[in-house]
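# Reading the structure
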Amino acid sequence: MDRHIVKALLAAWSRAEFRAGLRQLIDLDEVAGLLAALAVEDHDHEVERRVTDLVRSGLDTPEIRRATLLLIEHDDIRLNLAAGITDALADRPGLARAIRSALDDPDARAELRAALESAPLRAAIWEVTDNQFQGRRWALIRAAVVLVLRHRHARRLAWALRRHGVLRELRRP
């Protein structure tokens, strides 16, 4: 695991509100096993599916959602996460720069927080994710369009990500 991510998690772990959110999470041994499986380059899609299910169940719990958002709200944690993202995206420096810029923007973080607090928006995001995992390209496109059209927070978050160049960099090969 990237040393910056480890530093970020250690900084988060030192905060009581982060630990309180994780108490309701699944077995930490399972989380460690999933992270280890994801670290392998040729992992199967079932591992990704299990991680997505874990994140889904976590974000539906207010305490875990607050603990997750803590990762980007505190400077020391956010800086280490951004450094870890930069290291992980060494082959795509433009995308890493854009993500770091978005993470440093308080307005973009506020839009992310608002988006994650909206239960209908979270449901729409999971629909998009499910379509992606099942390889249903047209359903994925339809769900993504509906997501942006129906949910104000999705539009505002997309606009914030666009301002920082994240969307442009995601389209690049």
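What this report covers is the structure whose coordinates are included nearby.

Basis of the calculations
Residues numbered from 1 in each chain as written. Predicted model: local features only at pLDDT ≥ 70, side-chain atom pairs only at ≥ 80, totals over all residues. Heavy atoms only, no water. Helix = DSSP H or I, 4+ residues; strand = E, 2+ residues; numbered from the N terminus. Contact = heavy atoms within 4.5 Å. Areas by Shrake-Rupley, 256 points an atom, 1.4 Å probe, with all protein chains shown as cover. Salt bridge = Lys/Arg side-chain N within 4 Å of Asp/Glu carboxyl O. Buried < 20%, exposed > 50% of the residue type's maximum accessible area, 1.4 Å probe, protein only. Expected span 1.5 Å × (residues − 1). Arc of directions from axis to C-beta. Patch = residues over 30% accessible without salt bridge, like charges linked within 9 Å, V, L, I, M, F, W, Y side chains within 5 Å. Axes fitted to C-alpha atoms, helices over the stretch in contact; angles between N-to-C directions. Parallel < 35°, antiparallel > 145°, perpendicular 65-115°, else oblique.

## So, the overall build of the chain
Helix and strand counts for the chain come out as twelve helices and zero strands. A separation threshold of at least 6 residues defines the contact pool for the chain, and within that pool the share at least 24 residues apart is 63%. Counting every atom, the chain has about 10,600 Å² of accessible surface; 57% of that belongs to carbon and sulfur.

## A word on the pattern of salt bridges
This structure, assessed with the given rule, holds nine salt bridges. For R78, the salt bridge goes to D104, with nearest N and O atoms at 3.5 Å. A residue pair is termed long-range when its members are at least 10 positions apart, and R78 in helix 6 (residues 75-88) and D104 in helix 7 (residues 93-104) qualify at 26 residues. Accessibility expressed as a relative area gives 37% for D104, which makes it partly exposed.

## Considering the environment of P93
Following the sequence through the fold, P93 ends up in helix 7. The exposure class assigned to P93 is partly exposed, which follows from its relative accessible area of 46%. The sequence separation of P93 and E169 amounts to 76 residues, and the corresponding C-alpha distance is 9.3 Å.

## A few points about helix 4 (residues 45-59)
The end-to-end C-alpha distance of helix 4, which contains 15 residues, comes to 21 Å, matching closely the 21 Å that a straight helix rising 1.5 Å per residue would cover. All of the buried residues in helix 4 are V47, T52, L54, G58 and L59. Angularly, the buried residues of helix 4 cover 160° about the axis, an arc narrow enough to put them on a single face.

## Some thoughts on a nonpolar patch on the surface
On the surface, W138, I141, V145 and L149 cluster together into a nonpolar patch covering about 460 Å² of accessible area. By the secondary structure assignment, I141 is in helix 10 (residues 137-150).

## Section: the packing of helix 5 (residues 62-73) against helix 8 (residues 106-117)
One can describe the packing of helix 5 onto helix 8 by two numbers: an axis separation of 11 Å at closest approach and a directional angle of 170°. Comparing their axes, helix 8 and helix 5 come out roughly antiparallel. Contact residues: R65, L69, I72 and E73 in helix 5; R109, L112, R113, L116 and E117 in helix 8.

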